[in-house]
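Next come the chains, spelled out residue by residue.
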Amino acid sequence: MLEQLLIFTRGGLILWTCKELGNALRGSPIDTLIRSCLLEERSGAASYNYDVPGASYTLKWTFHNELGLVFVAVYQKILHLLYVDDLLAMVKREFSVVYDPKRMVYDDFDETFRQLRKEAEARAEEMKKSKQAMAKPVSNVGKKQGQQMQKSGFEGGNKKKSGGGESGKDSADDDDVKTGVLENGHSNGEVVNKNRVNLKENGNGDTKTGAFDVNKLQKLRSKGGKKANVVVNKVSKEEPKKKPTKKNRVWDDSPRETKLDFTDPVSENGEAEMAVAQVVEGESMMDKEEIVSSDSETEDEDEAETGKKVDSKKKGWFTSMFQSIAGKANLEKADLEPALKALKDRLMTKNVAEEIAEKLCESVAVSLEGKKLASFTRISSTVQAAMEDALVRILTPRRSIDILRDVHFAKEQHKPYVVVFVGVNGVGKSTNLAKVAYWLQQHDINVMMAACDTFRSGAVEQLRTHARRLQIPIFEKGYEKDPAIVAKEAIQEATRNGSDVVLVDTAGRMQDNEPLMRALSKLIYVNSPDLVLFVGEALVGNDAVDQLSKFNQKLADLSPSPSPRLIDGILLTKFDTIDDKVGAALSMVYISGAPVMFVGCGQSYTDLKKLNVKSIVKTLLK
C-alpha cells in the first residue's frame, strides 16, 4: 500500500500531498532522503531505503528539471509495488500541465491523482496476470518436449543395441564407437579398448573397413617420433652449457670514514637532549590561507576543444552552430552520454573510485535530463558546470569542523576534549597525531597523548619520542593491555591534571580483522570520544571505498550500543606524494559522509593543513 506521495520544489516548498493517503509517517524519511541522497548527489539510484525502529520505508522519486520539481512516493519496504514508477511518471506528466510558479495550492489535483492511481494499479494487475498466463504454457510445453526427448533417446538406444542387418559390419562398428558412452555409462576408455580389440581381430588386411585407418595412424606415429627425436637432440646439444657459478663475496673489513649517526646526544644521566620543536619548526600550515590561482582561460580553451571533438562526431558544423545560438529544446540522455563518459574517465584518472565516478555521472545525468540548454552554451560545458557544483556540494562540510571552538566549549564544562585516531596499518596515525598536537599547542591548548597502541612493537616508544620533542605529557601502560581501559585511565588523568585535549593513538588494523575491530568498537563505546578521526592515505583509489564502508559497518555491528558511534572526520595523509591524483578525498567523503578535517602534506610537525575544496575540484576537473 502506498503510504504517501508528495510534490515539492527544489527550494523545499511543498506544493501538494495526497490527502487520501494521509498516513502519518514514522520518523522523517523525506528529510533523510533530501539530506543523505538528493543533496549528496546520489539521486541516480533507483530507490532509497529508510530504516528506523518501528518503521521501514522505501522511497522512489523523479525530477522535472525544467520546472525544478521533485516527486516522491513512500511505501512500506516489505511490499513490492510494481506500479510506483509508472504512477510517478504519470503524476509528473499531468502535474507539469497544471503547474504555475505563482500558484501555491493544488487541491483540484486530488481527483486527477485518484484516476491516475487506479489506472496504474490496473496496468500492474494486467501485467501480473499476463506474466502468469505466459509462464504456465511454457512450463507445460517444456515438460512435453522433455518427455518426447526421453522417449526418442530410449528408442534410439534400443535400436543401436539391437543393431541393423543392412549396414553390415562397418555400420555396426561405427554404431559401437558412437554409442559406447551410452552403453558403458560414463567411460570413454572402454570405447577405445573396444576399437583396439576390433583392430586386432580384423588384422592388417582389414584396415580400410575398420573404424580407424591403421596406415594413417602409423604415419602419424612416425611423424611424432621424428619430432620427438629432434626435440631430444636439441636438448642434448644445450646440455653442455653450464650455469655461471656465484662468486664468493669479498668482505671489506676496513672501517668507514664517516660515522652516519644522527641521534640526539645523550647526557650523563642517560636522558636524550632533544630540541624543542616549537622553536625549530615554526608556524603550522593549518593557520595559513591557501591561495588558488584561477586559470579560467585555459579551462575555457580545454572545454572548447573537447566540445568541438564531441560535436564533430555527432553532428555537422552548421547544426552545432545553430543549436548553440538557438538553444536545444530539452536535453536527453543520449545527448549527455558522450560528455559524461569523458568526465567519468577523467575522474578515474584522478584516482576516484570507479563505482563513485559512475554514481556521480548518473546523478548529474538525472539532474540535467529534461532541462533546456541555454543559448551560446555547449553540452560539455553544461555537464562540467553541473559536475563542479556537485563536487563542491559533496566536499563542503555539512557541519562545523572548528575543533578549537569545540575544545573551548568542552573546557567550559570542565572536561577534556577526546580525539581518537583510527585507521589501517602504516598510514601515519602516530605522526599525524603529533602534528595535530603541535597545532593545538600553538593555540595555547594543553594537550596530553594516550598510547593505546598496545599491539605493535615500538608504538609506545614512537609516541614517547614525539611527546619529548613537543614537551607534552604522555599516558602509557606498556604493551598487551586492554586499549579501552588505558584510554579511560588517560581521560581520568587528564581531568585531574587539567589537560584540555586527549589525543588517543590506536593500533592499525585492517577492516576485515574482526578481533581488532571489536577492540576498537569497545574503546569507542567505553570512552565516548568527542571526535573519531579516520586516518587514510591519499594514495588509495578503489580501496578507499572498501576501507571506510567496512570500518563504519564493523563499528556499527560490533558496538553494544543501539546508536553506535561511527567515523566523524577524515585525516588524509601523504598528500604531498600524489601530484594531481586527489580523487581519494572525494571517494572517502562520498562513501562515509564525513568531512576531511586535516590534510598531512609532509614529514615535519608544521605540514598539516585544511582541505581547500576549490583547489580539489579544480584539480579533479582539469
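Everything below is about the structure shown above.
Let us look at the structure shown here. (Residues numbered from 1 in each chain as written. Predicted model: local features only at pLDDT ≥ 70, side-chain atom pairs only at ≥ 80, totals over all residues. Heavy atoms only, no water.)

## So, the packing of aromatic side chains
Per the stated rule, a full pass over the model turns up 10 aromatic pairs. Measuring from ring centre to ring centre gives 6.5 Å for Y50 and Y57, while their planes differ by 10°; the resulting arrangement is stacked. Owing to a relative accessible area of 7%, Y50 belongs among the buried residues under this scheme. Exposure remark for Y57: the relative accessible area of 3% places this residue in the buried category. Site record: aromatic cluster; members linked through ring pairs are W16, F71, F95, Y99, Y106, F109 and F113. (Phe/Tyr/Trp six-rings, centres within 6.5 Å; stacked < 30°, edge-to-face > 60°. Buried < 20%, exposed > 50% of the residue type's maximum accessible area, 1.4 Å probe, protein only.)

## Focus: the layout of surface pockets
The space that makes up the largest pocket amounts to roughly 980 Å³. S36, R42, I591, S592 and G593 are, among the 31 residues lining the largest pocket, the residues nearest its centre. Residue assignment for the lining of the largest pocket shows that the elements contributing at least two residues are α1 (29-38), β3 (48-52), α12 (354-368), α19 (543-558) and α20 (583-592). Class assignment for the residues of the lining of the largest pocket results in 11 nonpolar, 11 polar and nine charged. Considering only enclosed or pocket space, the second largest pocket measures out at about 660 Å³ in volume. Forming the boundary of the second largest pocket are 25 residues, of which K333, E362, A365, V366 and E369 lie nearest the centre. For the lining of the second largest pocket, the element with the most residues is helix α11 (residues 333-349), which contributes six residues. (1 Å grid on protein atoms, 1.4 Å probe; cavity = no way out; pocket = protein on both sides within 12 Å on 5 of 7 lines; lining within 4 Å. Points joined across faces, edges and corners; volume = space filled by probe spheres on them. Helix = DSSP H or I, 4+ residues; strand = E, 2+ residues; numbered from the N terminus. Nonpolar A, V, L, I, M, F, W, Y, C, P; charged D, E, K, R; others polar.)

## Brief notes about the side chain of T58
Residue position: T58 is located in strand β4 (residues 55-64). You can call T58 buried: its relative accessible area is 6%. At 3.1 Å, the side chain of T58 and the side chain of N49 are in polar contact. Excluding residues within four positions of it along the chain, T58 makes contact with S47, Y48, N49, A73, V74, Y75, Q76 and K77. (Polar contact = N/O pair within 3.5 Å; in protein donor to acceptor, adjacent residues only side chain to side chain. Contact = heavy atoms within 4.5 Å.)

## What about the sheet that holds strand β12 (residues 596-600)?
Sheets are built from strands paired through backbone hydrogen bonds, the pairs being either parallel or antiparallel. With mixed pairing, the eight strands of this open sheet are ordered in space as β8-β7-β9-β6-β10-β11-β12-β13. Two strands in the sheet have a free side with no partner beyond their single neighbour: β8 (474-475) and β13 (608-609). Here strand β6 (residues 417-422) runs beside strand β9 (residues 501-505); their pairing, made up of five bridges, is parallel. Residue pairing across strands places V420 opposite V504, the latter belonging to β9. Those strands touched by helix α15 (residues 429-441) are β6, β7 (447-451), β9, β10 (531-537), β11 (569-573), β12 and β13, and its axis lies near 170° from that of β9. Contacting β10, β11 and β12, α20 crosses the sheet at an angle of about 160° to β11. (Pairing = 2+ DSSP bridges. Axes fitted to C-alpha atoms, helices over the stretch in contact; angles between N-to-C directions.)

## Side note on the nonpolar core
Ranked by internal contacts, the top residues of the largest apolar core, which has 109 residues, are L503 and F598. Excluding anything up to four places from it in sequence, L503 contacts V419, F421, L433, V436, A437, L440, V447, M448, M449 and A450. Core analysis: the next-biggest nonpolar cluster, separate from the first, contains 26 residues, L88, M90, L116 and A120 among them. (Core = buried A, V, L, I, M, F, W, Y, C linked by side-chain atoms within 4.5 Å.)

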